[in-house]
Amino acid sequence: MGATTIPADLLPRDGRFGAGPSKVRPEALARLAEIGDGLLGTSHRQAAVKDQVARLQDGLRGLFNAPEAYDVLLAVGGATAFWDSLAFGFVEQRARHYEFGEFSGKFAAVTRMAPWLDEPDVVSAPVGQRPEISPAPGCDVQALIHNETTTGVVQEIVRVDDALVAVDATSGAGALPVDLNNADVYYFSLQKGFASDGGLTTAFVSPDGAQRIEGISASDRYIPAFLDLSTALDNSRKHQTYNTLAVATVILAAEQVDWMRETFWDLDGVVEHQQAKAQTIYGWASSRSWARPFVEDEAARSTVVATIDLDDAISADEVNAILRANGVLDTDAYRKLGRNQLRIAMFPAIDQADLQAYTACVDWVVERMGA
Ligand SMILES: *Cc1c(COP(=O)(O)O)cnc(C)c1O
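Just so it is clear, the structure is predicted and the values come from calculations on it, not from any experiment. (Residues numbered from 1 in each chain as written. Predicted model: local features only at pLDDT ≥ 70, side-chain atom pairs only at ≥ 80, totals over all residues. Heavy atoms only, no water.)

Student: Can you walk me through the packing of aromatic side chains in this structure?
Tutor: For any two aromatic rings, the description comes down to two numbers: the centre-to-centre distance and the angle of the planes. In the structure shown here, the tally under the stated rule is 15 aromatic pairs. Seen in terms of ring centroids, Phe-64 and Tyr-186 are 5.9 Å apart; in terms of plane orientation they differ by 65°. Their pairing is edge-to-face. Of this pair, Phe-64 sits in helix 2 (residues 47-64) while Tyr-186 sits in strand 8 (residues 185-189); the two residues are 122 residues apart in sequence, bridging distant segments of the chain. Judged by its relative accessible area of 5%, Phe-64 is buried. With 4.3 Å between their ring centres and 25° between their planes, Phe-88 and Trp-116 make a pair best called stacked. You can see Phe-88 sitting in helix 3 (residues 78-89) and its partner Trp-116 sitting in the loop between helix 4 (102-113) and strand 3 (121-124), a full 28 residues away along the chain. For Phe-88, a relative accessible area of 12% corresponds to the buried category. A connected cluster of aromatic rings, assembled from ring pairs, spans Phe-64, Tyr-186, Phe-188, Phe-194 and Phe-204. The aromatic ring of Phe-90 is capped on one face by Arg-212, whose charged end is 5.7 Å from the ring centroid. Directly above the aromatic system of Tyr-282 lies the positively charged group of Arg-301, at a separation of 5.3 Å from the ring centroid. (Phe/Tyr/Trp six-rings, centres within 6.5 Å; stacked < 30°, edge-to-face > 60°. Helix = DSSP H or I, 4+ residues; strand = E, 2+ residues; numbered from the N terminus. Buried < 20%, exposed > 50% of the residue type's maximum accessible area, 1.4 Å probe, protein only. Lys NZ or Arg CZ within 6 Å of the ring centre and 35° of its normal.)

Right, dumping it as structure tokens:
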């Protein structure tokens, strides 16, 4: 070990930099123990639990300055289950997808496999880039992804035609700027930007979106009850879910939202801080001869997940192994990307000082590797 023990004064205070799940703030975990004692293990149909659900819904509304008429929907199952829900209960006939990484591709695969839908209209871009959002004649949904977690590329949330806009914001929500007027379903799991645990999806739903959901639900299309968005919508309005939810996930997320509002006031405040954090990583990578940001177009570069390519002479696997042995965790490139790359999450729960420390650790390791 000796030679690869990073000096303690270089190490981050918290070494969790994985692109999902996010680091959970210890303060939030302590609050969970406090609030959860007496609450976990009680009925989720009673006021005490529903109050926590309402607290999360209201907190999100405030953070995002959500339009009054929007619903804050909760659905059990995470973003992956939500793709099925959208295929069953939101896409009328044909969806436009933008595929530029693993997650955007997975949703496209869902609508492609759904026998009741037409073949989707898929616009692709090579990994590390993003396709242009364009009108999609004949499509009734524009499926966007706010942050392609696997490549560190962001998409802007815009309306370009009459199709309803569904945004996978799982890793971008709470960190990237958005005007919710440009989205009809803005959905995200809570284990990334909201530093909670997995298994629950939250979505802002516009009145047009709710109308679409209710219309399809009333049609004769078969929809499994668990995936039925109109059932989720009804339950969300009563601060509950169709089947049992993870109360701990709700409490952790509500804590995170409250902390974000106390610390940064609103989404604009968070976004500004994210930009400063991103500059710490991209600025560092750009100033090292052996590293560079993978995403060349600065406007497409994520301020929540950074992807940094290394020279071939420096094995990212080796760097990551040494970091891991020192408690600096999970900055491996997305495995299917197959690049010699570091992927560093900068979720709101991750401190700028720790990102700074991360860069110092990598410098130290690379120097020892004799590159
Ligand atoms: C993590 C992630 C998902 C998958 O979320 P689950 O809650 O695990 O289903 C989907 N989309 C994006 C953009 C993600 O980052």
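Student: Can you help me understand the pairing of strand 12 (residues 341-345) in this one?
Tutor: Taken residue by residue, a regular strand's side chains alternate between the two faces of the sheet. The buried count for strand 12 comes to five of five residues, which makes it a mostly enclosed element. Residues Gln-341, Arg-343 and Ala-345 of strand 12 are buried on one face, and the alternating residues Leu-342 and Ile-344, pointing to the opposite face, are buried as well. The pairing of strand 11 (residues 305-310) with strand 12 spans five bridges and is classified as antiparallel. Across the sheet, Ile-308 pairs through a bridge with Leu-342, a residue of strand 12. (Pairing = 2+ DSSP bridges.)

Student: I'm lost on the domain arrangement of the protein chain in this one. Help?
Tutor: In many reports, interface size means the accessible area that the parts give up when they come together. We note that the domain assignment places domain 1 (13-22 + 265-368) and domain 2 (26-262) within the protein chain. On a C-alpha basis, the centres of domain 1 and domain 2 stand 26 Å from each other. Surface buried jointly by domain 1 and domain 2 totals about 2400 Å² across both partners, of which 61% is contributed by carbon and sulfur atoms. Viewed at the interface, domain 2 and domain 1 are joined by one salt bridge. When the shortest N-O distance is used, the salt bridge between Lys-336 and Glu-102 registers 2.8 Å. Linking domain 1 with domain 2 are ten residue pairs in polar contact (both at pLDDT 80 or more). (Domains from an automatic or database assignment. Buried area = accessible area lost by both parts, 1.4 Å probe. Salt bridge = Lys/Arg side-chain N within 4 Å of Asp/Glu carboxyl O. Polar contact = N/O pair within 3.5 Å; in protein donor to acceptor, adjacent residues only side chain to side chain.)

Student: What exactly am I supposed to notice about the pattern of salt bridges here?
Tutor: A pair can form between side chains of opposite charge whenever their charged atoms are brought close. Under the defined criterion, the tally for this structure stands at 22 salt bridges. One salt bridge in this structure joins Arg-237 and Asp-71, with 2.8 Å as the shortest N-O distance. Placement of Arg-237 in helix 6 (residues 229-237) and of Asp-71 in strand 1 (residues 71-76) is noted, with a sequence separation of 166 residues between them. Judged by its relative accessible area of 13%, Asp-71 is buried. Its salt-bridge partner being Arg-368, residue Glu-367 comes within 3.7 Å of it at the nearest N-O pair. Glu-367 sits in the exposed class, given a relative accessible area of 60%. Residue Arg-368 is classed as partly exposed on the basis of its relative accessible area of 46%. A single salt-bridge network, built from bridges that share partners, covers Arg-31, Glu-34, Arg-55, Glu-255 and Asp-258.

Student: In this structure, what is going on with the sheet that holds strand 2 (residues 95-99)? I would like to understand it.
Tutor: Note: strands within a sheet are paired through backbone hydrogen bonds, in either parallel or antiparallel orientation. The seven strands are arranged 1-9-8-7-4-2-3 in an open sheet whose pairing can be described as mixed. Either end of the sheet is taken by a strand with one partner, and the two such strands are strand 1 and strand 3. Across the sheet, the mean angle separating the axes of adjacent strands is 20° when strand polarity is ignored. The sheet contact formed by strand 2 and strand 3 spans four bridges and is parallel. Bridging from a neighbouring strand, Tyr-98 pairs with Val-123 of strand 3. (Axes fitted to C-alpha atoms, helices over the stretch in contact; angles between N-to-C directions.)

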